[in-house]
Amino acid sequence: MTDVGLALPVADVDRLGAEAQRFGHRVVAEVADADALAPKIALAKPEVVIAAASAPHLSARLVAACDAHGVRLVVVGDSPRERRFAAGLGVVDPVPGPPAWTLLTPGTGIPIVPQPTALPPVPIVAPRRVDEPIAEETSRHPVRTPVTRGTVVAVWGPHGAPGRTSLAIALAGELAAAGASVALADADTHAAAIAPSLGLLDEAPGFAAACRLAGTHALTVAELDRVASAHRGGFRVLTGIGRPARWPELTAERIVGVMDAVRAWAGITIVDVAASLEQDEELQTDVAAPRRNAATIEVLRRADRVVAVAAADPVGLARFLRGHAEMLDHVAPDRVTVVANKVRSGTVGLDPAGQVRATLERFGGVTPVHLVPWDPAGFDAALLSGRSLAEVAPRSPARAVLRKLSAELRG
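Read on for a plain summary of the structure. These figures come from a predicted structure and were not determined experimentally. (Residues numbered from 1 in each chain as written. Predicted model: local features only at pLDDT ≥ 70, side-chain atom pairs only at ≥ 80, totals over all residues. Heavy atoms only, no water.)

Looking at the pattern of salt bridges
Worth spelling out the cut-off: Just to be clear on terms, a salt bridge is a Lys or Arg side-chain nitrogen sitting within 4 Å of an Asp or Glu carboxyl oxygen. Only DSSP runs of H or I with at least four residues qualify as helices, and only runs of E with at least two residues qualify as strands; both kinds are numbered from the N terminus onward. Only protein chains enter the accessibility calculation, which uses a 1.4 Å probe; a residue is then buried when its area is under 20% of its type maximum, exposed when over 50%, and partly exposed in between.
The tally for this structure, following the rule as stated, stands at 12 salt bridges. Glu-174 is the salt-bridge partner of Arg-399, the closest N and O atoms lying 2.5 Å from each other. With Arg-399 in helix α17 (residues 397–410) and Glu-174 in helix α6 (residues 164–177), the pair connects residues that are 225 residues apart, well separated along the chain. Both residues of the pair, Arg-399 and Glu-174, belong to the buried class. A salt bridge links Glu-223 to Arg-226; its shortest N-O distance comes to 2.6 Å. Taken together, the residues Glu-223 and Arg-226, both in helix α9 (residues 221–227) and three residues apart, mark about one turn of the helix. Members of the salt-bridge network, linked through shared partners, are Asp-67, Arg-212 and Arg-254.

If you want it as structure tokens, here you go:
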């Protein structure tokens, strides 16, 4: 017997509910509104939720609730419009709808989920070899050479807007301008900002879709191309979640699968992560519960390099020194490159570079490798146009420092 939850039009609820009972299954919740079903997931504890790929039968709140409680979500939709709607909520594998409505069959105890057009699950266990054929590309991306083993660079910084996202975008632009195969991913589970910074739509967050595919061992190079967006700066983008409530989709296990997959997809993948490193101790009694900061911690652990960003002002430096010590619990010091951002005399006095360097070395034993000067005009122009700093301000003093940093990351 399978406990089933239904979020369907009224007529379909009646019909499928009767079929479920006839086949020995039990309907524990049936509504026409997905947002009304979402809070019932924890109480009813269905094993499967069947929802129609349309409003109001499917919503981000229902998707997040199913992910948070480990409930299998079967989304039913046939038309291109329904599939687009489902993809906008991170569901990339809807099953055919009417007339193939009989999803519950006698004796199986689970719903049959046909996937006539989906690729077979292929676990990512090793990077692609040079002599392997290139997977078929989507029309949005040009044909490119395969990657032997790409590099993952995490961009982290403490709370207080030290400039993580701005530097991540700037580094992606610099690397792409140098001819590297570059991807930019937003794994921030608190305040994802890459999509709005680049003027990209984030109704269908690419990073969350990649995580869902990784959870079913179906994440391939071709699937990454499909869920990613192409930026005119020459790099591809996996946009972040549009609503912070969707963080349960980015579990540690799925992050591991995505990190393995992107190494075969791009030469260098820049991953923007959140500031928080707490282990969510209020959930320690439930070892199966997801952790909101698991995405940040797992990316830091598995990244080849970590760019740690500090805001060059008294408050930013104090926050960085505390957070940097905590970050080193997860990352070896030799993989960390410290960058002081927004260096200016207005906040630290004369010789700002020397003041910042001396403060970090004296109070934290940290030597900043790169000091990015304050350039609000350049970064404002990049944000206004949705482009990288290299595209809009090629003579920016900040760009000169970031170009050296990107060369170091390439090496």
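Regarding the packing of aromatic side chains
Let me state the cut-off plainly: Centre distance within 6.5 Å is the pairing criterion for rings of Phe, Tyr and Trp, where only the six-membered ring of Trp is used; planes under 30 degrees apart are then read as stacked, over 60 as edge-to-face, and the remainder as tilted. Two conditions define a charge located above a ring, namely a distance within 6 Å from the ring centre to NZ of Lys or CZ of Arg, and an angle within 35 degrees of the ring normal.
Summed over all chains, the structure comprises one aromatic pair. Each ring, one from Trp-156 and one from Phe-320, has its centre 6.3 Å from the other, and the planes form 45°; the classification is tilted. Residue Trp-156 is located in strand β5 (residues 151–156), and its partner Phe-320 is located in helix α12 (residues 314–327); the two are separated by 164 residues in the primary sequence. Classification of Trp-156 by relative accessible area gives buried; the value is 0%. Relative accessible area serves as the criterion here: at 0%, Phe-320 is assigned to the buried category. One cation-aromatic arrangement involves Arg-236 over Trp-265; the distance from NZ or CZ to the ring centre is 4.7 Å.

A closer look at the side chain of Ser-388
Among the structural elements, Ser-388 can be located in the loop between α15 (376–385) and α16 (389–392). For Ser-388, a relative accessible area of 1% corresponds to the buried category.

A closer look at the environment of Asp-225
Short version of the rule: Residues adjacent in sequence count toward polar contacts only when both atoms are side-chain atoms; beyond that, a polar contact is any pair of N or O atoms within 3.5 Å, and within protein one must be able to donate a hydrogen and the other to accept it.
Here Asp-225 is to be found in helix α9. Judged by its relative accessible area of 1%, Asp-225 falls in the buried class. It is 8.3 Å that separates the C-alpha atoms of Asp-225 and Arg-236, two residues lying 11 residues apart in sequence. At a separation of 3.0 Å, a polar atom in the side chain of Asp-225 contacts the side chain of Trp-265.

Concerning the sheet that holds strand β1 (residues 3–7)
Hydrogen bonds between backbone atoms are what pair the strands of a sheet, whose relative direction is either parallel or antiparallel. Counted only if it meets this: Between any two strands, at least two bridges found by DSSP are needed for them to pair. Orientation is described by lines fitted to C-alpha atoms, with helices fitted over the stretch in contact, and by angles between N-to-C directions that extend from 0 to 180 degrees. Note on contacts: a residue pair qualifies if any of its non-hydrogen atoms lie within 4.5 Å across the two residues.
With respect to topology, four strands assemble into an open sheet ordered β2-β1-β3-β4, the strand pairing being parallel. Of all the strands in the sheet, the pair left with one neighbour each is β2 (26–31) and β4 (72–76). Here the strands of the sheet are splayed against their neighbours by 20° on average, with no regard to which way each runs. Pairing geometry for β1 and strand β3 (residues 48–52), over four bridges, is parallel. From the neighbouring strand, Ala-7 faces β3, where its bridge partner is Ala-51. Across the sheet, helix α4 (residues 60–69) is in contact with β1, β3 and β4; its angle to β3 comes to roughly 165°.

Quick look at the side chain of Thr-296
Residue position: Thr-296 is located in helix α11 (residues 294–302). Given the relative accessible area of 0%, Thr-296 is considered buried. Among residues more than four places away in sequence, those in contact with Thr-296 are Trp-156, Val-273, Ala-274, Ser-276 and Leu-277.

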